[in-house]
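What follows is each chain in one-letter form.
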Amino acid sequence: MTDYLLSEAEKTFILHGVQSKLRSDGRGNSDYRPISVATNVIAAANGSARVTLGETQILVGVKVNIDQPSKEKPDEGKVELFVECSTNAMQELKNPQEKCFSLASALRKLYANETCFDRRKLCLLPGHKCFVLSVDVWILEYGGNLLDAAALAIKSALFSARIPKIEINQDDEGRIDLDVSDDPYDMIRLPVDNIPLYVTLFRIGNGFLADANQPEAACSVARLSVGICANSRISAICAEGGGSFDPETITDMIHTAEQLGPSLHDELMTQLEKEEKLLLSRGLLSASENDLFD
C-alpha cells in the first residue's frame, strides 16, 4: 500500500494486536485517533478547513462560482473536486499522483448520491444559471487513512462556507440579471447534515480495524471504505488493495461502519459548532441563518 517499510517482527506485532483487539497506540480495533478541526483558514475561499487525524493532515478550500448547468442535467448545480499532494506527503506515499487520482474518484463517488447531496438545490435558474462548488483538497501530511480524513475536511469546509445571497431577475426578452448582495450578513449556507463521511476498515490478517495509522496501513492487504450518512444510511462503497474479502468479512465490515458512522458525524459536528460559536464571539465570523436548501 505504501513505501513504509516494516520488519517481519513489526508486522507480527501489528497482526497480534489486531487479533487481541489492542493496538500499539492503546486503541481498540474500532477506535479513531484524535480529530482536530480548524475552519476558515483560507481567507480567499468561501469555506475552508484543516483537519488533523493522528499524523494525517488535510486542507480543503471551497470556492463558489456561477455557471450554466449541463445540458444533460439542466436543473442541477455542479461539484468539481480536485486532490493535490504536498512535497512532504509525496515522500511518504507510493505513486502520489495515482493516489491523488484514486482519492478524488472515491470522494466524487461519495457526493454522487442524490439522497445525501441534492445538486438540484445548487440550481439558480434551470437551464441557465447554477452554483458550481469547486472543492480543492490538499494532502499536507500522511499518517494513514487519507480517505476518512479528506471526507472529514470536505464536510468541515462546506459547513464553514458562506455564499452571498443572489437574486435572479429575467425580463420579458429572456435576459437574465444577477443581483449579488454586498451585505456581509446577507449570506446563505450549505447545510451539511446529510453529507456523508467515509469509514475505512483495513484488513490485517483475518481481522480488520478502523483508522489505520501508517504502519498499520502498510501491513494491510486490502481496505473497504463505506460512505455513511449521520443516520447510518450507506451512500457509497469502495474497495482498494490486492487482497480479497470473504462474504462474511464484508458483512461484518459494513455492519461496523454503520455503527461507527453516526458517532463520527456527531464528534465532527460538535467540534464544528463549538468553533463556530468561538469565532462568532470574537467577531471573526458573520452569523447567517439563511439556508440554501430551504
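Preceding this paragraph is the structure being described.
Residues numbered from 1 in each chain as written. Predicted model: local features only at pLDDT ≥ 70, side-chain atom pairs only at ≥ 80, totals over all residues. Heavy atoms only, no water.

This paragraph deals with the environment of Glu76. Among the structural elements, Glu76 can be located in the loop between strand E3 (56-67) and strand E4 (78-85). Spatially, the C-alpha atom of Glu76 lies 32 Å from that of Leu140, the residues being 64 residues apart in sequence. Setting aside residues up to four positions removed in sequence, Glu76 forms contacts with Pro69, Glu114, Arg119, Arg120, Cys123 and Cys130. (Helix = DSSP H or I, 4+ residues; strand = E, 2+ residues; numbered from the N terminus. Contact = heavy atoms within 4.5 Å.)

On to the packing of helix H4 (residues 146-160) against helix H6 (residues 247-281). In contact at an axis separation of 11 Å, H4 and H6 are set at 40 degrees when each is read in the N-to-C sense. Between H4 and H6 lies a crossing whose hand is right-handed. Seen from H4, the contacting residues are Leu152, Lys155, Ser156 and Phe159; seen from H6, they are Leu264, His265, Leu268, Met269, Leu272, Glu273 and Glu276. When grouped by side-chain class, the residues that make up the contact of H4 with H6 number six nonpolar, two polar and three charged. (Axes fitted to C-alpha atoms, helices over the stretch in contact; angles between N-to-C directions. Left-handed = near helix turned anticlockwise from the far one by under 90°. Nonpolar A, V, L, I, M, F, W, Y, C, P; charged D, E, K, R; others polar.)

Hydrogen bonds between backbone groups are what pair the strands of a sheet, and the pairing can be parallel or antiparallel. If you walk across this open sheet you meet the four strands as E12-E11-E13-E14, and the pairing is antiparallel. Of all strands in the sheet, those with a lone pairing partner are strand E12 (207-210) and strand E14 (234-240), marking the two edges. Sheet twist, expressed as the average angle between the axes of neighbouring strands with direction ignored, equals 20 degrees. Both strand E11 (residues 197-204) and strand E13 (residues 222-228) contribute to a ladder of seven bridges, which runs antiparallel. Looking across to E13, one finds that Arg203 is bridged to Ala222. (Pairing = 2+ DSSP bridges.)

Enumeration according to the criterion identifies twelve salt bridges in this entry. One salt bridge in this structure joins Lys11 and Glu8, with 3.9 Å as the shortest N-O distance. Of the two residues, Lys11 and Glu8 both sit in helix H1 (residues 8-20), three residues apart, roughly one turn of that helix. A relative accessible area of 33% places Lys11 in the partly exposed class. Here Asp211 ties to Arg33 by a salt bridge, and the two come within 2.8 Å at their closest N and O atoms. Of this pair, Asp211 sits in the loop between E12 and helix H5 (214-219) while Arg33 sits in the loop between H1 and strand E1 (35-39), and the two are 178 residues apart along the sequence. With respect to class, Asp211 is no different from Arg33; both count as buried. Put simply, Arg23, Asp25, Arg27, Arg33, Glu55, Asp211 and Glu216 are held in one network by salt bridges that share partners. (Salt bridge = Lys/Arg side-chain N within 4 Å of Asp/Glu carboxyl O. Buried < 20%, exposed > 50% of the residue type's maximum accessible area, 1.4 Å probe, protein only.)

The geometry of helix H3 (residues 96-110) relative to H4 is characterised by a closest axis approach of 11 Å and an angle of 55 degrees between their N-to-C directions. Judged by the angle between their axes, H3 and H4 are oblique. In terms of crossing hand, the pair formed by H3 and H4 is right-handed. Only Leu146, Leu147, Ala150, Ala151 and Ile154 of H4 make contact with H3, whose side of the interface consists of Lys99, Leu103, Ala106, Leu107 and Leu110. Counted by class, the contact of H3 with H4 contains nine nonpolar, no polar and one charged residues. (Parallel < 35°, antiparallel > 145°, perpendicular 65-115°, else oblique.)

The next subject is unusual backbone geometry. The backbone of Asn40 shows a phi angle near 55 degrees, a positive value even though the residue is not glycine. Examined against the element boundaries, Asn40 turns out to sit in the loop between E1 and strand E2 (47-53). Phi at Asp211 takes a positive value of approximately 50 degrees, unusual for a residue other than glycine. For Asp211, a relative accessible area of 0% puts it in the buried group.

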